[in-house]
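Chain by chain, the residues run as shown.
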Amino acid sequence: MIPFIILKKINLPLGVVQFLSFVPIVIMATLWFEGLFIQHLGHLPTINWLNVAASVPTVISAVISKNLLVIVIVGMISLALLRVLLS
């Protein structure tokens with residue numbers, strides 16, 4: 001909590017603020033890419049086709065809505081429907 005208290009009282013330079021604005025995008029992209037692959041120790045990762053298929057409508061909803069709530073809901077529903085249909 002100390003960094004938040006300190007940063008609340010200090011104005012950061014514009015360049016630092018712009019750089020930090022990309023941090024949530026990088027975190028979300030990292031989590032997304034991590035879910036697209038299955039790790040096998042000692043071997044190359046394989047593609048998780050179920051997550052790739054669920055990502056298609058999710059990415060489309062992200063481009064159209066640009067609303068995180070809509071993106072999360074579409075992603076959850078897409079993955080749930082694919083799991084039900086392919087099980």
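If you're wondering where the values come from, they're calculated on a predicted model, not measured in any experiment. (Residues numbered from 1 in each chain as written. Predicted model: local features only at pLDDT ≥ 70, side-chain atom pairs only at ≥ 80, totals over all residues. Heavy atoms only, no water.)

Q: Can you break down the overall build of the protein residue by residue, with the values?
A: Secondary structure summary: the protein contains five helices and two strands in total. Counting helices and strands in the order they occur from the N terminus, the protein gives α-α-α-β-β-α-α. Against the compact-globule benchmark of 12 Å for 87 residues, the protein has a radius of gyration of 18 Å, which places it well outside the compact range. Projected onto the principal axes, the alpha-carbon positions of the protein cover approximately 55 × 40 × 25 Å. Looking at the protein residue by residue over its 87 residues, the buried ones come to 9%. Expressed as a percentage of contacts within the protein between residues at least 6 apart in sequence, the contacts between residues at least 24 apart total 28%. A total of about 7500 Å² of accessible surface is found on the protein, and carbon and sulfur atoms cover 79% of it. (Helix = DSSP H or I, 4+ residues; strand = E, 2+ residues; numbered from the N terminus. Rg over C-alpha atoms; globule rule 2.2 N^0.38 Å. Buried < 20%, exposed > 50% of the residue type's maximum accessible area, 1.4 Å probe, protein only. Contact = heavy atoms within 4.5 Å. Areas by Shrake-Rupley, 256 points an atom, 1.4 Å probe, with all protein chains shown as cover.)

Q: Give a description of the packing of aromatic side chains that names residues and reports values.
A: For any pair of aromatic rings, geometry is given as the distance between the ring centres together with the angle between the planes. On inspection of all chains with the given rule, the structure shows one aromatic pair. With 4.9 Å between their ring centres and 40° between their planes, W32 and F33 make a pair best called tilted. Residue W32 is classed as partly exposed on the basis of its relative accessible area of 38%. When its relative accessible area of 44% is taken as the criterion, F33 is described as partly exposed. (Phe/Tyr/Trp six-rings, centres within 6.5 Å; stacked < 30°, edge-to-face > 60°.)

Q: Go over unusual backbone geometry, please, and point to the residues and values.
A: A positive phi angle, near 55°, is found at K66, a position not held by glycine. Relative to the helices and strands, K66 is located in the loop between α4 (49-65) and α5 (68-86).

Q: Quick rundown of the UniProt feature "transmembrane region" (unreviewed entry) in the protein? Include the residues and the values.
A: UniProt marks residues 12-33 and 68-86 with the feature "transmembrane region" (unreviewed entry), using the numbering shown here. In residues 12-33, helix accounts for 82% and strand for 0%; the two terminal C-alpha atoms are 31 Å from one another. With 100% helix and 0% strand, residues 68-86 has its two end C-alpha atoms placed 27 Å apart. (UniProt positions renumbered as here; feature names shortened; annotations may be inferred.)

Q: Give a detailed account of α5, specifying residues and quantitative values.
A: One turn of the α-helix equals 3.6 residues, which is why residues spaced by three or four share an orientation. For α5, which comprises 19 residues, the first-to-last C-alpha distance of 27 Å matches the rise-based estimate of 27 Å (1.5 Å per residue) to within 8%. The backbone nitrogen of L69 lies 3.0 Å from a side-chain oxygen of the residue at the head of α5, namely N67. (Expected span 1.5 Å × (residues − 1). Polar contact = N/O pair within 3.5 Å; in protein donor to acceptor, adjacent residues only side chain to side chain.)

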